[in-house]
There are 2 protein chains.
Amino acid sequence: MASSSEGTGIDETSVSGIDGASGTLTYRGYRIEEVVRRLPYESVVGLLLTGEVPGAPAEAETRHELATRRRVPPTTERLLRALPPSTPVVDGMRTLLGAMPDLGGPDPPSRAQFLDLIARAPVVVARLHRRARRRPAVPPAADLGFAASYLAMLQGDVPTLERARALERYLVLLADHGISASTFALRVVLSTRSDLASAVAAALGALKGPLHGGAPSEVLDLLDEVGSPDRADAGVRSVLERGDRLFGFGHPVYRVEDPRATLLRGFAREVAAPDRFELAERVEVAALRALRERRPGRPLHTNVDYYGAVLLEAVGIPRELFTPTFAVARMPGWAAHAREVVELRRLVRPPERYVGPAPRPLPPGPERTA
Amino acid sequence: MASSSEGTGIDETSVSGIDGASGTLTYRGYRIEEVVRRLPYESVVGLLLTGEVPGAPAEAETRHELATRRRVPPTTERLLRALPPSTPVVDGMRTLLGAMPDLGGPDPPSRAQFLDLIARAPVVVARLHRRARRRPAVPPAADLGFAASYLAMLQGDVPTLERARALERYLVLLADHGISASTFALRVVLSTRSDLASAVAAALGALKGPLHGGAPSEVLDLLDEVGSPDRADAGVRSVLERGDRLFGFGHPVYRVEDPRATLLRGFAREVAAPDRFELAERVEVAALRALRERRPGRPLHTNVDYYGAVLLEAVGIPRELFTPTFAVARMPGWAAHAREVVELRRLVRPPERYVGPAPRPLPPGPERTA
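Let me sum up the structure you'll find in this document.

Cut-off values and rules
Numbers given to residues run from 1 along each chain, matching the order in which its sequence is written. As they are written, the chains are lettered A onward and the ligands numbered 1 onward, keeping that order. A pLDDT threshold of at least 70 governs which residues receive local features in this predicted model, and a stricter bar of 80 or more applies before side-chain atom pairs are shown or counted, although totals over entire chains, interfaces and linings include all residues. Side-chain calculation: all heavy atoms of the structure are included, whereas hydrogens and water are not. Put simply, DSSP H or I for four residues or longer makes a helix, DSSP E for two residues or longer makes a strand, and each gets a number counted from the N terminus. Each radius of gyration reported is based on C-alpha atoms, and the globular scaling rule is 2.2 Å times the count of residues to the power 0.38. Type-normalised accessible area, obtained with a 1.4 Å probe on protein chains alone, sets the label of each residue: buried when under 20%, exposed when over 50%, and partly exposed for intermediate values. It only takes one pair of heavy atoms within 4.5 Å for two residues to be counted as in contact. Only the protein chains shown count as cover for residues, with accessible areas throughout obtained via the Shrake-Rupley method and a probe of 1.4 Å. Strands are treated as partners if at least two bridges between them are detected by DSSP. For the purposes of this section, nonpolar cores are sets of buried Ala, Val, Leu, Ile, Met, Phe, Trp, Tyr and Cys residues that join through side-chain atoms within 4.5 Å. Values labelled buried area give the accessible surface lost by two parts on being combined, using a 1.4 Å probe and summing over both. Criterion for a salt bridge: a side-chain nitrogen of Lys or Arg within 4 Å of a carboxyl oxygen of Asp or Glu. Polar contact criterion, stated in full: a pair of N or O atoms within 3.5 Å, where within protein one must be able to donate a hydrogen and the other to accept it, and residues adjacent in sequence count only if both atoms are side-chain atoms. Three categories are distinguished: nonpolar for Ala, Val, Leu, Ile, Met, Phe, Trp, Tyr, Cys and Pro, charged for Asp, Glu, Lys and Arg, and polar for the others, with Gly belonging to the last. Pairing of aromatic side chains requires ring centres within 6.5 Å, counting the rings of Phe and Tyr and the six-membered ring of Trp. Pairs whose planes differ by under 30 degrees are stacked, by over 60 edge-to-face, and all others tilted. We superpose the copies by least squares over the C-alpha atoms of residues that have a pLDDT of at least 70 in both of them. To estimate the expected span of a helix, count its residues, drop one, and scale the result by 1.5 Å.

### Description of the overall build of chain A
If you tally the helices and strands in chain A, you get 16 helices and 5 strands. Taking 370 residues into account, the globule formula puts the C-alpha radius of gyration at 21 Å, and chain A, at 22 Å, falls close to it. With respect to the three principal axes, the spread of C-alpha positions in chain A is 75 × 50 × 45 Å. For chain A, the residues scored as buried account for 62% of the 370 residues in total. A separation threshold of at least 6 residues defines the contact pool for chain A, and within that pool the share at least 24 residues apart is 76%. Here chain A displays about 13500 Å² of accessible surface, and carbon together with sulfur accounts for 52% of that area.

So this is what it looks like as structure tokens:
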């Protein structure tokens, strides 16, 4: 039987570029090292969506637009109350963002819908989190920047400048990364001319998978298990000897260290408690050595999850919110990919190959007649 | 900048095979013509899930299992009440099926979860539909077959044998079709080791897109506009002359008539009102002639939507439920693909190509320091 096939087999993007050999990541052509040093999160939103670096007036406008959109529609409030408080936050995000009526609709997604999505995601996370802990919701503060406002809604008070800045850098570094599995799910859904709510729900469903964004807090479990810097080598060995994976190492694309990992190491150093950071560094060294010894031909590197986890812990994000916070960070990237795929105007599909049995008769049996 | 790429670029399946050149569709190697004549829907569920044609005991067991699973969990009841009654049914399906706690979970999806998904989908559609029309829910009847039970829950009384059989044939014919966009979205999500609920939510988000399953009732709009058989040529011409598409014709894979279209024409003839069927036939002939005249080099054929719409109308399914009924039909296919992709144990991703600007410096501006 001939194979059936449609789609080009290659999906194209101009939102972010990854060069795995040299360890380069660019947003719209701008290297991530320069972007994170120079642009606030709100400007990164504008850059990803439009391809242009916003000037001061555009940056102020995006900041204002995002700040005033920090609220959820009444439907969301009702659904939130109907969800079991034990709902995992990333599942609650999928249900609530997916069911926002004003993120649906028959027309291609608009800039207003993209900004609503980006501004509401942290509100939804904070509401779900505080509900699960049976604490009252913290109303969003329009006078705070994106990252500070997220922390304030989670924690109930205005964070230090240092913590807000550290979280902002994390959000900038995680805002896009080529056509990852979640972004690809979003692109497939939108390529049928479905709507933004459906596409983001699909992306969240992929992001939560442990092979994608679903397991970043396991890095902290590793640090906890090792316990103290002098136990680094022994702790790492015992994890490997019982056949477990070392979380936070290795990447399917980068052949050198992920540039985000390099940057996050520095940012985590600035904000983490010194003994926690020392433990992380010692475990990292021990892990890289052990992995090199076990697979000399295929060196693994520290990935974005490793110091990402150390940084998120240091700014006070609880572990069960690591994946949801990754999702919050990625919303501008998803919005940019949504805009891009709608402009492509063709179904995103890989070639497929049928590998089952050749046509054959059914086993003998009765006919069914009406 | 080098392109980044992962994934094989080809996705493989053994669930159903399509040969577009000869117009062949097989489920697990069995031609659809034979499957629809010989197997009840419940056996098709078993065939797709396992690859084996169920014998009489297995068929009876699947029938019993599906019949006893026609209920939704309490969480779903609460969410249903929180959804606006105006929610489009396919969106409601995505929200409610996606949030079913027992379809989630960290383990690979089980046979029990697949059967729950398949059995609950029609319950969810019927509940959403009757709620939108402010009519009381009809409790599921365990003594009816799958198709008859679906019609009874929608319409409030037991359907005729003829209608139930016609709908059953539609459900069988739509139960799988290679790696369509919705099935692909499901496979991408599950390949991250996410859960069945997330994957089905993604698939529903793709299915509703007008380029995929979102527009089948437009066929009836065409018939209504033409109005009577003697106006077929004039009506078709006027649609084309104002630049509109003729829904129900053309397919990206089949170069001859889709075998499902051939079968559905015969089944629709048995169940539709004779004058409605005559109108459909005359409009079909006029449309095929007009399309051939306009594009002699690329003949279009009647597709599955055309007589699918005539059949669904004839069995009393309202137009706004055509896409949800397609989704109900496709659940066993999605379940089979879910099982297949979990067994693959690798990320499903196409190669990607970065097509944006080469690395460049940011425009001059201030550094941000904490």
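### With respect to helix α7 (residues 146–155) of chain A
Residues and elements named next belong to chain A. With 9 of 10 residues buried, α7 is to be regarded as a mostly interior element. Among all positions in α7, only Phe146, Ala147, Ala148, Ser149, Tyr150, Leu151, Ala152, Met153 and Leu154 are buried. The secondary structure elements touched by the buried residues of α7 are α2 (41–50), α3 (56–68), α6 (111–132), α8 (161–173) and α16 (322–344). Remark: Gly156 follows α7 within two positions and exhibits a positive phi of approximately 90°.

### Things to note about the pairing of strand β2 (residues 16–19) of chain B
For a regular strand, side-chain orientation follows a simple rule: the groups alternate between the two sheet faces. Residue and element names in this part refer to chain B. Neither face of β2 is left uncovered, since the one carrying Ser16 and Ile18 and the one carrying Gly17 and Asp19 both have all their residues buried. In this structure, β2 lies alongside strand β3 (residues 24–27), joined through 4 bridges in antiparallel fashion. Residue pairing in the sheet places Ser16 in a bridge with Tyr27 of β3. Hairpin remark: β2 followed by β3, antiparallel, with 4 residues in the connecting loop; positive phi at Gly23, about 70°.

### Some points on the nonpolar core
One finds Met93 of chain A together with Met93 of chain B to be the most contacted residues of the largest nonpolar core, which totals 252 residues. Ignoring sequence-local partners within four residues, the contact set of Met93 of chain B consists of Gly98, Ala121, Val124, Val125, Leu128, Leu204, Pro324, Ala327, Val328 and Met331 of chain B.

### Regarding the interface of chain A and chain B
Residue-level contacts link 91 residues of chain A with 92 residues of chain B. Taking both partners together, chain A and chain B bury about 8000 Å²; carbon and sulfur atoms supply 58% of that area. Among the residues of chain A in contact with chain B, Arg38, Leu362 and Arg368 of chain A are the three that bury the most area, contributing 11% of the side total. Linking chain A with chain B are 4 salt bridges, by the criterion used here. Here Asp195 of chain A makes a salt bridge to Lys208 of chain B, at a shortest N to O gap of 2.3 Å. Viewed at the interface, chain B and chain A are joined by 31 residue pairs in polar contact (both at pLDDT 80 or more). In terms of residue class, the side of chain A that touches chain B is made up of 42 nonpolar, 26 polar and 23 charged.

### A look at the packing of aromatic side chains
All names here are of chain A. This model, assessed by the stated rule, comprises 9 aromatic pairs over all chains. Consider the rings of Phe249 and Tyr306, whose centres lie 5.0 Å apart with planes at 45°: the pair is tilted. One end of the pair, Phe249, is in the loop between α12 (232–241) and α13 (259–271); the other, Tyr306, is in helix α15 (residues 304–314), and 57 residues separate them in sequence. By relative accessible area, which is 0% here, Tyr306 ends up buried. When the centroid spacing of 5.0 Å and the interplanar angle of 85° are considered together, the rings of Tyr306 and Tyr307 count as edge-to-face. For Tyr307, a relative accessible area of 1% puts it in the buried group.

### Thoughts on the side chain of Asp195 of chain B
Relative to the assigned elements, Asp195 of chain B resides in the loop between α9 (181–190) and α10 (196–207). Among the residues examined, Asp195 of chain B registers a relative accessible area of 3% and is labelled buried. Within the structure, Asp195 of chain B has its side chain in polar contact with the backbone nitrogen of Ser198 of chain B (distance 2.9 Å). When neighbours within four sequence positions are excluded, Asp195 of chain B is seen to be in contact with Lys208 of chain A together with Leu103, Gly104, Gly105 and Leu190 of chain B.

### Section: the pairing of β3 of chain B
All names here are of chain B. Burial along β3 is two-sided: Thr24 and Thr26 facing one way and Leu25 and Tyr27 facing the other are all buried. The pairing of β3 with strand β4 (residues 30–31) spans 2 bridges and is classified as antiparallel. Each bridged residue has a counterpart across the sheet, and for Thr26 the counterpart in β4 is Arg31. Hairpin connection from β3 to β4: 2 residues lie between these consecutive antiparallel strands, with Arg28 at a positive phi of about 50°.

### Re the pattern of salt bridges
Scanning the model with the defined rule gives 60 salt bridges over all chains in all. We note a salt bridge from Glu34 of chain A to Arg38 of chain A, for which the minimum N-O separation is 3.6 Å. Residue Glu34 of chain A and its partner Arg38 of chain A are both found in helix α1 (residues 32–38); the two are separated by 4 residues, about one turn of the helix. Here Glu34 of chain A matches Arg38 of chain A in class, with each residue buried. Linking Arg276 of chain B and Asp224 of chain B is a salt bridge whose minimum nitrogen-to-oxygen distance equals 3.1 Å.

### With respect to the relation of the copies chain A and chain B
In screw terms, the move from chain A to chain B is a rotation of 180° and a rise of 0.0 Å along the axis, fitting with an RMSD of 0.0 Å. The transformation relating the two chain copies, once decomposed into turn and shift, fits a two-fold axis. Distance from the rotation axis, computed per C-alpha, reaches its smallest value in chain A at Ala202 of chain A: 2.1 Å.

### Remarks on unusual backbone geometry
All names here are of chain A. In this structure, Arg134 is a non-glycine residue whose phi angle is positive, near 55°. Locating Arg134 in the fold gives a position in the loop between α6 and α7. Residue Arg134 is classed as exposed on the basis of its relative accessible area, which comes to 69%. Backbone geometry places Arg193, a non-glycine residue, at a positive phi of 65°. Relative to the helices and strands, Arg193 is located in the loop between α9 (181–190) and α10 (196–207). Look at Arg193 and you get partly exposed, because its relative accessible area is 40%.

### Quick look at the environment of Ala147 of chain A
Residue and element names in this part refer to chain A. Within the secondary structure layout, Ala147 lies in helix α7. Sequence separation between Ala147 and Tyr27 is 120 residues, and the spatial gap between their C-alpha atoms is 20 Å. Residues in contact with Ala147, not counting those within four places in the same chain, are Ala164, Leu167, Glu168 and Leu171.

### A short note on α13 of chain A
Residue and element names in this part refer to chain A. Taking 1.5 Å per residue, 13 residues should reach 18 Å; α13 reaches 19 Å between its end C-alpha atoms and fits that length. Buried residues of α13: Pro259, Arg260, Ala261, Leu263, Leu264, Arg265, Phe267, Ala268 and Val271, and no others. Tucked inside the fold, the buried residues of α13 contact β3 (24–27), α1, α8, α14 (274–294), α15 and α16.

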